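Survey of secondary and tertiary structure
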Amino acid sequence: MKTIFDKGMDLSEVEVVRHYTALSRRNFGVDLGFYPLGSCTMKYNPKVCEDTARLDGFTGIHPLQPAKTVQGAMQLMYKLEKMLCEITGFARFSLQPAAGAQGELTGIMIMRAHFQEKGEQREKILVPDSAHGTNPASVSLCGFQAVELKSDSEGNVDLADLREKMDEKIAGIMITNPNTLGLFDTNIEKVCEIVHSKGGLVYGDGANMNAMLGICRPRELGIDIMHLNLHKTFSTPHGGGGPGSGPVGVVEELVDFLPVPLIEKNGENYEFNSKGKKSIGKVRSFYGNFGVMVKAFTYIKALGAVGLREVAEVAVLNANYLKEKLKPHYKLAFDRVCQHEFVLSDEGLANGVTTNDVAKRLLDYGVHPPTVYFPLIVKGAIMIEPTETETRETLNNFVDIMITIKQEAEKQPELVKEAPHSMPVKRLDAVKAAREPNLRWKE
Ligand SMILES: *Cc1c(COP(=O)(O)O)cnc(C)c1O
């Protein structure tokens, strides 16, 4: 082993340790503080999930091993699929997609395969104006044209607009429910009925499943295909770009199109089934991000059916609690009962203070900013998702901080407009950073 005294060794161990420790202290994570990043479900991820994912029996195997030597891992994937079916009501899931966005793409490929088989030419897919950007992106990546649907004054899909646009040339709709405004679309059954009546399919973006666990099954609302974000709803640290898992569930009639292989149980044995002739093929190497599946499996097993329902109930309760506390101080985009998140606006803040200013000032108070300027249909949106894992003390503290920032905007606007003051970096020139990135540690 080389030591720091060896010639040619560039850095000593302690220098390396200090370098990475210093870097980690410039970072922000859910283990460090409140992280109410709307749409992303930055909940606390129980460490037991890391422990199971790190078990030698799981980390020491290789995807090319013969099936008979990896029966335990296959059993886990098989059972995870069954549990996801139970939670959502779908007939089967593919665990392959590596993220929500890839799940969307997989789902749209399944839609395309379905209409190809029927010999129907359908070129467009409806996407509500509140949708996550990945929805229209998946649509066009798959060769369809995205057609925007309006939201009504309640934040639901505008049924009149849907009736006007839905016809036999439309492959279907991509809908997020609860939507990205944090609202349960009370028109959902009607939406599915209208789309189905013209032979279309309903794709559900399941990123917001955290609000529905154990309360309602998307399949029963009329959805035909849906992805889940295991890394959001079922607890895997995310936000740094990976690894994730975006399983796709489908109704009975679409099972044949799912990516291969699927895992089947034959007597006591688990087998890979790659036969599906109508399958859209593989969407990722091997079987997807297995470690994330172990974490999701652990999380579901640890909580059980009652615990999962409680996750949704407390997530919704926490969001409504914050919403009601903040409503007298910030403009609420839609004043109705919300699901797991809600959207404020910067309208009415004093001295021209904007959403961006509020977000930067929150950093000084040790809070990760909420999602900002999304969804696009709310001016200066501040999208807050507290999750079920936060205490009332944390929520109250956040309310106090938000009120303080509002008061600062009135009395000392420079304090907010020039924030952050306590971070290693101040306001970044976001445009310059994107065009001329400087990735050096030090000049
Ligand atoms: C996060 C999210 C996605 C994309 O999921 P990734 O796993 O980040 O690819 C899609 N739709 C909604 C509503 C989301 O919140």
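Scoring rules and cut-offs
- Per chain, residue numbering runs from 1 following the sequence as it is written.
- Given that this is a predicted model, residues contribute local features only at a pLDDT of at least 70 and side-chain atom pairs are listed and counted only at 80 or more, while totals for whole chains, interfaces and linings are drawn from all residues.
- Excluding hydrogens and water, the side-chain values take into account all heavy atoms of the structure.
- Secondary structure counts use DSSP, requiring at least four H or I residues in a row for a helix and at least two E residues in a row for a strand, with both numbered from the N terminus.
- Three labels apply to residues, based on accessible area from a 1.4 Å probe with only protein chains included: buried if under 20% of the type maximum, exposed if over 50%, partly exposed otherwise in between.
- The criterion used for residue contact is that any of the two residues' heavy atoms lie within 4.5 Å.
- When DSSP finds two or more bridges between a pair of strands, those strands are recorded as paired.
- Think of a nonpolar core as a cluster: buried Ala, Val, Leu, Ile, Met, Phe, Trp, Tyr and Cys residues, connected wherever their side-chain atoms sit within 4.5 Å.
- All the domain ranges listed were derived from an automatic or database domain assignment.
- The quantity reported as buried area is the accessible area (1.4 Å probe) lost by two parts once they are put together, taken as the sum for both.
- Basic side-chain nitrogens of Lys or Arg form a salt bridge, by our definition, when they fall within 4 Å of a carboxyl oxygen of Asp or Glu.
- Distance and chemistry together define a polar contact, namely a pair of N or O atoms within 3.5 Å, with one atom able to donate a hydrogen and the other to accept it when in protein, and with adjacent residues in sequence counting only for side-chain atoms on both sides.
- Geometry is summarised by axes, namely lines fitted to C-alpha atoms with helices restricted to the contacting stretch, and by angles between N-to-C directions that run from 0 to 180 degrees.
- Neighbouring residues are identified by heavy atoms, a residue being near a molecule or strand if any of them is within 4 Å of it.
- All residues other than Ala, Val, Leu, Ile, Met, Phe, Trp, Tyr, Cys, Pro, Asp, Glu, Lys and Arg, Gly among them, are scored as polar; the first ten of these are nonpolar and the last four charged.
- Oblique is the label for every angle not falling under 35 degrees (roughly parallel), over 145 degrees (roughly antiparallel), or within 65 to 115 degrees (roughly perpendicular).
- Left-handed is the label given to a crossing in which the near helix is rotated counterclockwise from the far helix by less than a right angle, and right-handed is the label when the rotation is clockwise.
- Centre distance within 6.5 Å is the pairing criterion for rings of Phe, Tyr and Trp, where only the six-membered ring of Trp is used; planes under 30 degrees apart are then read as stacked, over 60 as edge-to-face, and the remainder as tilted.

**What to know about the overall build of the chain**
Counting its secondary structure elements, the chain contains 15 helices and 13 strands. If one aligns the C-alpha atoms of the chain with their principal axes, the spans along those axes are about 70 × 65 × 45 Å. Relative to its full complement of 443 residues, the chain shows a buried share of 51%. Partitioning the contacts of the chain with sequence separation of at least 6, the portion at a separation of at least 24 is 70%.

**Section: the pairing of strand E11 (residues 342-345)**
In E11, alternate side chains face the same way, and those of Phe-342 and Leu-344 on one face and Val-343 and Ser-345 on the other are all buried. Two strands pair when backbone bridges link them, and strand E10 (residues 331-332) and E11 are joined in this way by two bridges, in the antiparallel orientation. Bridge pairing in E11 places Leu-332 opposite Leu-344. Sheet topology places E11 next to strand E13 (residues 382-384); three bridges connect them, and they run antiparallel. Paired with Phe-342 across the strands is Ile-384, a residue of E13.

**Some thoughts on the nonpolar core**
Grouped together as the largest cluster of nonpolar side chains are 83 residues, with contacts concentrated most on Leu-80, Leu-84, Ile-110, Leu-162, Ile-173, Ile-225 and Phe-234. Sorting elements by how many residues they give to this core places helix H11 (residues 290-326) first, with eleven residues. Both domains that meet at this core, namely domain 1 (13-45 + 306-433) and domain 2 (48-303), each give it at least three residues. With near-sequence residues (within four places) excluded, Ile-225 lies in contact with Phe-90, Gly-107, Ile-110, Met-111, Leu-201, Val-202, Tyr-203, Gly-204, Val-248, Gly-249, Val-250 and Leu-254.

**What about the side chain of His-231?**
Here His-231 shows up in helix H10 (residues 230-233). Owing to a relative accessible area of 9%, His-231 belongs among the buried residues under this scheme. If sequence neighbours within four positions are ignored, His-231 has contacts with Ala-99, Gly-100, Thr-236, His-238, Gly-244, Ser-245 and Val-292.

**As for the domain arrangement of the chain**
Assigned domains within the chain: domain 1 (13-45 + 306-433) and domain 2 (48-303). Spacing between the C-alpha centres of domain 1 and domain 2 amounts to 29 Å. Counting residues at the interface gives 31 residues for domain 1, matched by 39 residues for domain 2. Counting the surface lost from both domain 1 and domain 2, the interface buries some 2600 Å², and carbon and sulfur atoms represent 60% of this. In terms of surface lost to domain 2, no three residues of domain 1 exceed Asn-45, Leu-308 and Arg-336, which account for 25% of the buried area on that side. Where domain 1 meets domain 2, there are zero salt bridges. Counting across the interface, domain 1 meets domain 2 through 15 residue pairs in polar contact (both at pLDDT 80 or more).

**Notes on the sheet that holds strand E12 (residues 371-372)**
An order of E10-E11-E13-E12 is seen for the four strands of this open sheet, with the pairing classed as antiparallel. The sheet is open, and its two borders are formed by E10 and E12, each paired with just one other strand. Those strands touched by H11 are E10, E11 and E13, and its axis lies near 20 degrees from that of E11.

**What to know about the sheet that holds strand E3 (residues 145-149)**
The strand order across the open sheet formed by seven strands is E1-E7-E6-E5-E4-E2-E3, and the pairing between neighbours is mixed. In this open sheet, the two edge strands, each paired with only one partner strand, are strand E1 (92-94) and E3. Strand-to-strand twist in this sheet, taken as the mean axis angle between neighbours without regard to direction, amounts to 25 degrees. Relative to strand E5 (residues 201-206), strand E4 (residues 170-176) runs parallel, the two sharing five bridges. Pairing of Ile-173 across the sheet is with Val-202, part of E5. Sheet strands in contact with helix H5 (residues 100-118) are strand E2 (124-128), E4, E5, strand E6 (225-228) and strand E7 (248-250), and its direction is about 170 degrees off that of E5. Sheet contacts for helix H6 (residues 134-141): E2, E3, E4 and E5; angle to E2, the most-contacted strand, approximately 175 degrees.

**A closer look at the site of the ligand**
Lining the immediate environment of the ligand, one finds 13 residues, of which Ser-39, Gly-100, Asp-205, His-231 and Lys-232 sit closest. At 2.6 Å from a nitrogen atom of the ligand is found a side-chain nitrogen or oxygen belonging to Asp-205. When residues of the shell around the ligand are traced back to their parent elements, those giving at least two are H5 and H10. Class assignment for the residues of the shell around the ligand results in three nonpolar, seven polar and three charged.

**Some words on the packing of helix H4 (residues 71-88) against H11**
The contact between H4 and H11 brings their axes to 10 Å, and the two run at 45 degrees. Judged by the angle between their axes, H4 and H11 are oblique. When the axes of H4 and H11 are compared, the crossing they make is left-handed. In this structure, H4 uses Ala-73, Leu-76, Met-77, Lys-79, Leu-80, Met-83, Leu-84 and Ile-87 to contact H11, whose residues at the interface are Phe-290, Met-293, Val-294, Ala-296, Phe-297, Ile-300, Lys-301 and Leu-308. Broken down by class, the residue content of the contact of H4 with H11 amounts to 14 nonpolar, no polar and two charged.

**Here we look at the packing of aromatic side chains**
This model, assessed by the stated rule, comprises seven aromatic pairs. Consider the rings of Phe-272 and Tyr-287, whose centres lie 4.5 Å apart with planes at 5 degrees: the pair is stacked. Of this pair, Phe-272 sits in strand E9 (residues 269-273) while Tyr-287 sits in the loop between E9 and H11, placing them 15 residues apart in sequence. An aromatic cluster of three or more residues is present, and its members are Phe-272, Phe-286 and Tyr-287.

**Comments concerning the pattern of salt bridges**
This model, assessed by the stated rule, comprises 24 salt bridges. Linking Lys-43 and Glu-388 is a salt bridge whose minimum nitrogen-to-oxygen distance equals 2.8 Å. Note that Lys-43 is positioned in the loop between helix H1 (13-25) and helix H2 (47-53) and Glu-388 in the loop between E13 and helix H13 (392-411), a separation of 345 residues in sequence. Among the residues examined, Glu-388 registers a relative accessible area of 11% and is labelled buried. Here Glu-117 ties to Lys-278 by a salt bridge, and the two come within 2.9 Å at their closest N and O atoms. Placement of Glu-117 in helix H5 and of Lys-278 in the loop between E9 and H11 is noted, with a sequence separation of 161 residues between them. In the salt-bridge network here, residues are joined through shared partners; they are Lys-323, Glu-324, Lys-327 and Asp-335.

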